[in-house]
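Results of the structural survey
Below, each chain spelled out in residue letters.
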Amino acid sequence: MKCAVCSRKAKGFGYFNPRLPRSDPRRYSDRWVFCSMRCQNAFSRLMEKTGGHMIDPSDMELAAMASCLGPLGEYVGSIGMQRPLADYSKDEVLMLIDVVVTAYQEHMLVEHERMAEKDRAFLEERLVRQGKSASTGVLIKLTVS
Ligand SMILES: [Zn+2]
């Protein structure tokens, strides 16, 4: 199982939505597992503020990928910008992966924490936009088929 916030390996931290009755299946999700109390806290604060609605993480993921570019460039620069990837040692490739994955995970966690600090109006606006983009997706699918 992967942490719902940062994708590290989950370690026994969970979450349920206390706003919903025990009989409601939306009260629990087996995807709501976390690697640390820090990720668990960020997620639960965000859920409290949005009244239990999930914020779609897809644009957060895109931003997290973009945030890897800086550290990736720095690392490649440090071992020789002109070297082809085929000349990298195994350790250098593993280090490169570590640099990117760490930057990605850190961005996802910090972004969840930052979102949880936002006010309710901001989060509601985001949820509305999320709903709109979902219906646009259906329209596109209908046009294509
Ligand atoms: Zn995590």
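Summarised in this report is the structure supplied together with it. (Residues numbered from 1 in each chain as written. Predicted model: local features only at pLDDT ≥ 70, side-chain atom pairs only at ≥ 80, totals over all residues. Heavy atoms only, no water.)

1. Side note on the packing of aromatic side chains
What characterises a pair of aromatic rings is the spacing of the ring centres plus the angle enclosed by the ring planes. Filter applied, for reference: Here a pair means two rings of Phe, Tyr or Trp (six-membered ring of Trp) with centres within 6.5 Å. Their orientation is stacked below 30 degrees between planes, edge-to-face above 60, and tilted elsewhere. The helix and strand labels rest on DSSP assignments: H or I over at least four residues marks a helix, E over at least two residues marks a strand, and numbering proceeds from the N terminus. Each residue is assigned to one of three classes by its accessible area relative to the maximum for its type, calculated with a 1.4 Å probe on protein chains only: buried under 20%, partly exposed between the two thresholds, exposed over 50%. For a Lys NZ or an Arg CZ to count as sitting over a ring, it must be within 6 Å of the ring centre and within 35 degrees of the ring normal.
Per the stated rule, a full pass over the model turns up five aromatic pairs. Taking the centre distance of 5.5 Å and the plane angle of 70° together, the rings of Y15 and W32 count as edge-to-face. In this pair, Y15 is assigned in strand 1 (residues 13–16) and W32 in strand 2 (residues 28–34), connecting sequence segments 17 residues apart. Judged by relative accessible area, Y15 falls into the buried class, the value being 15%. An aromatic cluster is present here, built from Y15, W32, F34 and F43 joined pairwise through their rings. Between the NZ or CZ atom of K118 and the centre of the ring of F122, over which it lies, the distance is 4.7 Å.

2. Quick look at the layout of surface pockets
Heads up, the rule is: Here a cavity denotes grid points, spaced 1 Å and computed from the protein atoms alone, that fit a 1.4 Å probe unable to get out, and a pocket denotes an open set having protein on both sides within 12 Å along at least 5 of 7 lines; residues with an atom within 4 Å of a point are the lining. Grid points are joined across faces, edges and corners, and a volume is the space filled by probe spheres set on the points. Residues are grouped as follows: Ala, Val, Leu, Ile, Met, Phe, Trp, Tyr, Cys and Pro are nonpolar; Asp, Glu, Lys and Arg are charged; all remaining types, including Gly, are polar.
A volume near 410 Å³ is recorded for the largest pocket. Elements represented by at least two residues in the lining of the largest pocket include exactly strand 2, helix 1 (37–49), helix 2 (58–66) and helix 4 (90–117). If one sorts the elements of the lining of the largest pocket by residue count, strand 2 sits on top with four residues. In the lining of the largest pocket, the residues fall into 15 nonpolar, three polar and three charged. Every residue lining the second largest pocket is listed: N17, L20, R26, W32, M47, G51, G52, H53 and M54. Of the residues assigned to the lining of the second largest pocket, the class counts are four nonpolar, four polar and one charged.

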